Amino acid sequence: MSGSKTYGERPNPYPGKLVIVEGIDGSGKSTQLGLLAQWLRGEGHLVTFSEWNSSSIVKATTSRGKKRQLLTPLTFSLIHATDFSDRVERDIVPALKAGAIVLADRYVYTAFARDVARGVDRQWVRSLYRFAVTPTLAVYYRVPLEVALYRILSGRPKLKWYEAGMDLKLHTDLTESYKRFQARIQQEYEGLVPEYGLSSMDATLPVEVQQRALRDLIRPHLKGITPAPLGQPLEAGEERRA
Amino acid sequence: MRRFESYGQGIPGLEPGDLSGWLIVVEGPDGVGRTTHVDRLRRHLEQLGYAVAETGFTRSDLASRGIRRAKQGNTLGTNAFNLFYATDFADRLEQQILPALRAGFVMITDRYIYSLIARAIVRGADPDWIKQVYSFALLPDAVFYLRIGAQQLVHRVLADGPFDYWESGMDVPMGEDLYDSFVTYQGRIIHELDGLAREYAFQTLDAARDKDDISEELCASVSRLLLKRSAGATA
């Protein structure tokens, strides 16, 4: 069983564009992606969103596994890959075929960082995600760990078990475990930036400065994409998939 | 002594040295009579004084419900289905197979990664990819392959009732109707299993014979295998 083939070998052959953002919790990436969507729609582009855990059938299993703490590093990795695969097949690829700009809040790199932080083999997880289309643009939001932790821990009352990496038994305290787990994830992300040539963004800059930089990054990829004709409704692909 | 190994990098956090039982796999296409033979083998081994445990597809605590639901509506993408089965398998490996092996049981599994690899390949998955996905699996002590031709299989299955939608590969239709699709689909599954039988050195049993003969051969082979190591332990 050779592991020679890996993620990154399926370039996007479709007319649409895939733009993804990555980063630890509290890096501000979702805010940036939301602002980008608004701007792109204003420019007349057809925009769709794609998020983790969007496939309803798999979601029921994932929630069950999380609620009852049935997941190990291996099954955690596989159930998320299942969900992600469904999302690629039924959500991302059709939208790319239709020529949409697909915005994804987290992509395969989340799994690479999070699963490896859980002890899953690096090469195995990269091979697992071989079916994923390579994004047109991937942006990593780099933020000092303390800043991200402050943003999350000051704003949100309760951390979830797996989110805090409690399954790894890094610490008995939820918050302390979360900090250590996020540190591990961040360390993995830092390795992914050069490995996959992710564009990195300084997530400590003012929101609007980051947004301008993000728009500058995407602009070259918009050449050749024709915005929808005036008067055509754009709502069709706009709703977030439940 | 490190007796159990994985095909690839293995299960995160596993110490294979903890495992002492036996892992026996019975492989073969749908309708070949695996259930009967697994049953008989189990009783035979218990007669000899071995503790036996069993597992089979979609029997995981984690994913079996979701897979059943997904099958009802056929609402999951093909590749996602492949990975859902991998999730189910991983859960059974960690929650059923490993504990049984730690406790020194003979674990009989009604199909293993090979059928899952075959069904994924027939549904268009890249063979290298799906084998790599399953590379965390433990190498079994032995794989017994109940080998039968597609036509013979048809006769056997028809005798037991109507063709099953999934066993006929109707999610990826391969013929005009259930019969055509069954023959083509099972034929391709058998073709893949034959290839895997060579690659992974299965012990092939001719399943077109009388089932008593097959059982006898299977029970004798497994008994020999277990005796070999039990003898080593007392010597």
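Residue positions within a chain follow its written sequence, with the count starting from 1. Chains carry letters and ligands carry numbers; both start at the beginning, A for chains and 1 for ligands, and go up in the order they are written. Local features are withheld for residues below a pLDDT of 70 in this predicted model, meaning they are given only at 70 or higher, and side-chain atom pairs are given and counted only at 80 or more; totals for whole chains, interfaces and linings count all residues.

**Q** Go over the overall build of chain B, please, and point to the residues and values.
**A** Per the convention used, a helix needs a DSSP run of H or I reaching at least four residues, while a strand needs a run of E reaching at least two, with both numbered from the N terminus. Looking only at helices and strands, chain B has 8 helices and 5 strands in total. Reading chain B from its N terminus to its C terminus gives the helix and strand order β-α-β-α-α-β-α-α-β-α-α-β-α. Atoms counted for the radius of gyration: C-alpha only. Globule rule: 2.2 Å times residue count to the power 0.38. Relative to its length of 235 residues, chain B is compact, with a C-alpha radius of gyration of 18 Å against a globular reference of 18 Å. Considered along the principal axes of its C-alpha atoms, chain B spans approximately 60 × 40 × 30 Å. Residue burial is a threshold on neighbouring C-beta atoms within 10 Å of the residue's own C-beta, all placed from the backbone, with 20 or more meaning buried, 12 or fewer meaning exposed, and counts in between meaning partly exposed. The proportion of buried residues among the 235 residues of chain B is 43%. The contact rule is simple: place each C-beta atom from the backbone, and if two of them lie within 7 Å, those residues are in contact. In chain B, of all internal contacts separated by at least 6 residues, the share reaching a separation of at least 24 is 78%.

**Q** How would you sum up the overall build of chain A? Please name residues and give values.
**A** Broken down by element type, chain A carries 8 helices and 5 strands. Reading the secondary structure of chain A in the N-to-C direction produces β-α-β-α-α-β-α-α-β-α-α-β-α. Taken over 242 residues, chain A has a buried fraction of 41%. Once local pairs closer than 6 in sequence are excluded, the contacts in chain A between residues at least 24 apart make up 80%.

**Q** Talk me through the sheet that holds strand β2 (residues 52-56) of chain B; I want residue IDs and the actual numbers.
**A** Through backbone hydrogen bonds, the strands of a sheet pair up, either in parallel or in antiparallel fashion. Residue and element names in this part refer to chain B. DSSP bridges decide pairing: two strands pair if at least two such bridges lie between them. What the 5 strands build is an open sheet, ordered β2-β3-β1-β4-β5; its pairing is parallel. One side of each edge strand has no neighbouring strand; the edge strands of this open sheet are β2 and β5 (203-206). The mean angle between the axes of side-by-side strands here comes to 20°, regardless of whether they run parallel or antiparallel. By the bridge criterion, 4 bridges tie strand β1 (residues 22-27) to strand β4 (residues 142-147) in an arrangement that is parallel. Paired with Glu27 across the strands is Tyr145, a residue of β4. A fitted line through C-alpha atoms serves as each axis, taken over the contacting stretch for helices, and the angle formed by two N-to-C directions is quoted from 0 to 180°.

**Q** Break down the nonpolar core for me, citing the residues and quoting the values.
**A** Core analysis: the largest hydrophobic core is formed by 127 residues, its most contacted members being Val102 of chain A together with Phe84, Ala86, Met107, Ile117 and Tyr134 of chain B. When residues in this core are grouped by element, the largest group, 13 residues, is from helix α3 (residues 78-102) of chain B. If near-sequence neighbours (up to four positions away) are discounted, Ile117 of chain B is found in contact with Ile130, Lys131, Tyr134 and Leu196 of chain B. Note on terminology: a nonpolar core is a set of buried residues of type Ala, Val, Leu, Ile, Met, Phe, Trp, Tyr or Cys, with members joined through C-beta atoms within 7 Å.

**Q** How would you explain the interface of chain B and chain A if you had to name every residue and give the values?
**A** Facing 31 residues of chain B, the contacting portion of chain A comprises 31 residues. Contributions of two or more residues to the side of chain B that touches chain A are made by α2 (64-73), α3 and α5 (127-133) of chain B. Here the element with the most residues in the side of chain B that touches chain A is α3 of chain B; it accounts for 9 residues. The residue classification treats Ala, Val, Leu, Ile, Met, Phe, Trp, Tyr, Cys and Pro as nonpolar and Asp, Glu, Lys and Arg as charged. All others, Gly included, are polar. In terms of residue class, the side of chain B that touches chain A is built from 15 nonpolar, 10 polar and 6 charged.

**Q** Could you give an account of the sheet that holds strand β4 (residues 137-142) of chain A, with specific residues and numbers?
**A** Residue and element names in this part refer to chain A. Within the open sheet, the 5 strands sit side by side as β2-β3-β1-β4-β5. Their pairing is parallel. Each having just a single partner strand, β2 (47-51) and β5 (199-202) make up the two edges of the open sheet. Neighbour to neighbour, the strand axes of the sheet diverge by 25° on average, direction disregarded. Most of the contacts of helix α8 (residues 207-222) go to β4, to which it runs at about 165°, and overall it touches β1 (17-22), β4 and β5.

**Q** Outline helix α7 (residues 174-196) of chain A, listing residues and values.
**A** All names here are of chain A. Here α7 spans 32 Å end to end across 23 residues, near enough to the 33 Å set by a 1.5 Å rise per residue. Within α7, burial applies to Ser177, Tyr178, Lys179, Phe181, Gln182, Ile185 and Tyr189. At its buried positions, α7 is contacted by β1, α4 (108-117), β4 and α6 (145-155). The span one expects for a helix is its residue count, reduced by one, times 1.5 Å.

**Q** How would you explain the pairing of β4 of chain B if you had to name every residue and give the values?
**A** Regular strands have side chains that alternate between both faces of the sheet. One ladder, built from 4 bridges, connects β4 of chain B with β5 of chain B; its direction is parallel. If you follow Leu146 of chain B over to β5 of chain B, its bridge partner there is Leu205 of chain B.

**Q** How would you summarise the packing of helix α1 (residues 29-42) of chain A against α8 of chain A if you had to cite specific residues and measurements?
**A** Residues and elements named next belong to chain A. In the contact formed by α1 and α8, the axes pass within 10 Å of each other and the chain directions differ by 55°. With respect to α8, the element α1 is oriented oblique. Crossing handedness for the pair α1 and α8: right-handed. Residues Thr31, Gln32, Leu35, Leu36 and Trp39 of α1 form the contact with α8, whose participating residues are Val207, Gln210, Gln211, Leu214 and Arg215. Looking at the contact of α1 with α8 residue by residue, the class counts come to 5 nonpolar, 4 polar and 1 charged. Here the angle decides the label: under 35 degrees means roughly parallel, over 145 means roughly antiparallel, 65 to 115 means roughly perpendicular, and every other value means oblique. A clockwise turn of the near helix away from the far one marks a right-handed crossing, whereas an anticlockwise turn of less than a right angle marks a left-handed crossing.

**Q** Which residues make up the environment of Lys211 of chain B, and what values go with them?
**A** Residues and elements named next belong to chain B. With respect to the element layout, Lys211 can be found in helix α8 (residues 211-234). For the pair Lys211 and Val32, spaced 179 residues apart in sequence, the C-alpha separation works out to 10.0 Å. If sequence neighbours within four positions are ignored, Lys211 has contacts with Gly33 and Thr36.

**Q** An account of unusual backbone geometry is requested, with residue identities and associated values reported.
**A** Even without glycine at this site, Lys169 of chain A takes up a positive phi of about 55°. One can find Lys169 of chain A in the loop between α6 and α7. On the neighbour-count criterion, Lys169 of chain A (8 C-beta atoms within 10 Å) is exposed. Backbone geometry places Ala201 of chain B, a non-glycine residue, at a positive phi of 55°. For Ala201 of chain B, the location among the structural elements is in the loop between α7 (178-199) and β5. By C-beta crowding, Ala201 of chain B is classed as exposed, having 10 other C-beta atoms within 10 Å.

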